[in-house]
Amino acid sequence: MSDEIFKKIVSHAKEYGFVFQSSEIYDGLSAVYDYAQNGVLLKNNIKDYWWKSMVQLNDNIVGIDSAIFSHPTTWKASGHVDAFNDPMIDNKDSKKRYRADNLIEDYIQKVEGKINKEKKKQHKRFGENFDEKTFLLTNPKVLKYQKEIDLVNKRFSEALNKDNLEELKNIIEDCGIVCSISGTKNWTDVKQFNLMFKTQLGSTESNSTDLFLRPETAQGIFLNYLNVQKTGRMKIPFGIAQIGKAFRNEIVARQFIFRMREFEQMEMQFFIKPGTQMKWYEYWKKIRLNWHLSLGLDKSNYRFHDHEKLAHYADAACDIEFNFPFGFKELEGIHSRTDFDLGNHEKFSTKQIKYFDPSDNSKFTPYVLETSIGVDRMFLAIFSSSLKYEKLDDGTERTVLKIPYILSPHKVAILPLVKKDGLPEYCRKIKDKLKLKFSTVYDEKDAIGRRYRRQDAIGTPFCVTIDHQTIDDDTVTIRDRDSMKQDRIHVKEIHSFLDSSLDINNWLLNSD
Ligand code: ATP
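Parameters and conventions
Per chain, the residues get numbers from 1 upward, laid out in the order the sequence is written. Predicted model: local features are reported for residues with pLDDT of at least 70 only, side-chain atom pairs are reported and counted for 80 or more only, and whole-chain, interface and lining totals are derived from all residues. Derived side-chain values reflect all non-hydrogen atoms in the structure, with water molecules and hydrogen atoms excluded from consideration. A strand pair is defined by DSSP finding two or more bridges across the two strands. The helix and strand labels rest on DSSP assignments: H or I over at least four residues marks a helix, E over at least two residues marks a strand, and numbering proceeds from the N terminus. Only the contacting stretch of a helix is used when fitting its axis, a line to C-alpha atoms as for every element, and angles between N-to-C directions run 0 to 180 degrees. Residue contacts are counted whenever heavy atoms from the two residues lie within 4.5 Å of one another. Patch membership needs two things, relative accessible area over 30% and no salt bridge, and members are linked within 9 Å if like-charged or within 5 Å if nonpolar (Val, Leu, Ile, Met, Phe, Trp, Tyr). In short, Shrake-Rupley with a 1.4 Å probe defines the accessible areas, and a residue's cover is counted only from the protein chains shown. In the sections that follow, a salt bridge refers to a side-chain nitrogen of Lys or Arg positioned within 4 Å of a carboxyl oxygen of Asp or Glu. Neither His nor the chain ends contribute to the count of charged residues, in which Lys and Arg are positive and Asp and Glu negative. Note that the charge is assigned to NZ on lysines, CZ on arginines, CG on aspartates and CD on glutamates. Between buried and exposed lies partly exposed: a residue is buried under 20% and exposed over 50% of the maximum accessible area for its type, with that area taken using a 1.4 Å probe on protein chains only. Expected span of a helix, by definition, is 1.5 Å for each gap between consecutive residues, and there is one gap fewer than residues. Bear in mind that the domain bounds are from an automatic or database domain assignment. By buried area we mean the combined loss of accessible area, with a 1.4 Å probe, across both parts when two parts are placed together.

(A) Looking closely at the sheet that holds strand β6 (residues 191-194). Taken in spatial order, the 3 strands make up an open sheet running β5-β4-β6, and their pairing is antiparallel. Where the open sheet ends on each side, the last strands, each with one partner, are β5 (97-99) and β6. Adjacent strand axes in the sheet meet at a mean angle of 45 degrees when their direction is disregarded. Alignment of strand β4 (residues 85-90) against β5, held across 3 bridges, turns out to be antiparallel. Within β5, the position partnered with M88 by the bridge is R99. This element, helix α5 (residues 100-126), spans β4 and β5 of the sheet and lies at about 70 degrees to β5.

So, in structure tokens, the structure goes:
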């Protein structure tokens, strides 16, 4: 997808009240965004869909809401003070700062793009007869590209695993990567940069304590593990879920709400017996992918990506990547975090954090399987893949946001055909009956066609239109956003129609 399309997505988000740049009247604050009147509804619906799938559907998962601040030792114990770094590099000419790992990843993606281009060319040439598998295994150009990718990948993952910053710079130089602003290869050395924001607690400088804004919500779960386990009488395996803000001083914050300095996470820590982590790792990979697929976007939008470099706490980790407008990127992480966090909190706090398993009288520090997804990235995934420009039979074009109905900001719009003859009053009555259960909008401005377009552009699945016939026989038309088909139904049927069309069971329990 081109930059042009991405720009359209960003401007649609602004024009239709989904996402605004923060502090825009002061020329904005970089990588901080506000959710607007429609955006907040979509965001809440995403959170609700996740919460229901985690907490409400699972008897052994409970939710909490921990504070953003926590005792400063938390971050020493978790390893974030020492190891929550990204490698950064500056271009000496443009003074622009980059993440060294991102530069290399983007380079690999560029070479992958070349392979895809070759593939497409051949596909076009040979049509149905194109044998993709043989082509990829034999075409000299493709083989050359693939060899390069494999080589860079190998060096890259070795450099990351050994924290070899010099080698990262060598790879950047050997690949001939240039700065997108200056066009030069005049790079500084690679340095580590800690991503946590620091602040202070206390009224005077002398008695203040340094605090960190949490860079992940997970630690709030670990700190509450003992309390939840005891008060909830939870038996392993069990999970604790949480949705909340996280903060990272990202080196390069770009791509709209994909990488922000203040963002929101939906995390679940699943506490298990040591030695069972690979079973649960596979289990949660499957469950989480199914959750994404249940929303009905095309399967080809998702892929798993195993981590080249494991985080300081993990013994296995992968991402669910989504095909964003700028290519496949991480949407959600699934991490086997071992007993790293609980073990370290036990050490630093000197409080026992052990689980006694009565089934075999064993006592252990639980292992943890984590699923962690960014609300904002999920928002971007849904929003960007839903925005469509459709050519209609009459030659006109419509812009339609084909958000899965269950997530749409508004579920139904109530529209009087004209602004008189008692139609607006009739509409109001319908709206009042529906609005508590279904987010409902009323719109009487402009011709009906334009009003349909406005609802299409914000993703409202259904429009109910009240016309003169309604006054005579209490029937209305109900229009479906995607098919644009209109049916005439009795006003009394609207509620049950919406109920069955928007029944969450049809989404969440639909795993294929
Ligand atoms: P990346 O490699 O893209 O920086 P990460 O591996 O650091 O991401 P995790 O620490 O695994 O990310 O965080 C879990 C989830 O939180 C990510 O999958 C992503 O959806 C979300 N997330 C992380 N950083 C950001 C950010 N700066 N802005 C928005 N969402 C984020």
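Back to the text.
(B) Summary view of a positive patch on the surface. Side chains of K110, K114, K117 and K144 sit close together on the surface and give a patch of like positive charge. Looking at the positive patch element by element, the count peaks at 3 residues for α5. Considering the arrangement of structural elements, one finds K110 in helix α5. A relative accessible area of 57% means that K110 is categorised as exposed.

(C) View of helix α11 (residues 277-293). The terminal C-alpha atoms of α11 lie 24 Å apart, and with 17 residues this matches the ideal 24 Å at 1.5 Å per residue to within 8%. By the burial criterion, the buried members of α11 are Q277, W280, Y281, W284, K285, R288, W291, H292 and L293.

(D) Structural detail: the domain arrangement of the chain. Under the domain assignment, the chain is made up of domain 1 (1-72 + 197-391), domain 2 (85-194) and domain 3 (410-511). Each of domain 1 and domain 3 was reduced to a C-alpha centroid, and the two centroids are 35 Å apart. Contacts between the two partners involve 14 residues from domain 1 and, on the opposite side, 11 residues from domain 3. Contact between domain 1 and domain 3 buries roughly 1100 Å² in total, counting both sides, with carbon and sulfur atoms accounting for 64%. Ranking the residues of domain 1 by area buried against domain 3 places Y16, Y49 and S294 at the top, with a combined share of 33%. Across the contact surface, domain 1 and domain 3 share 0 salt bridges.

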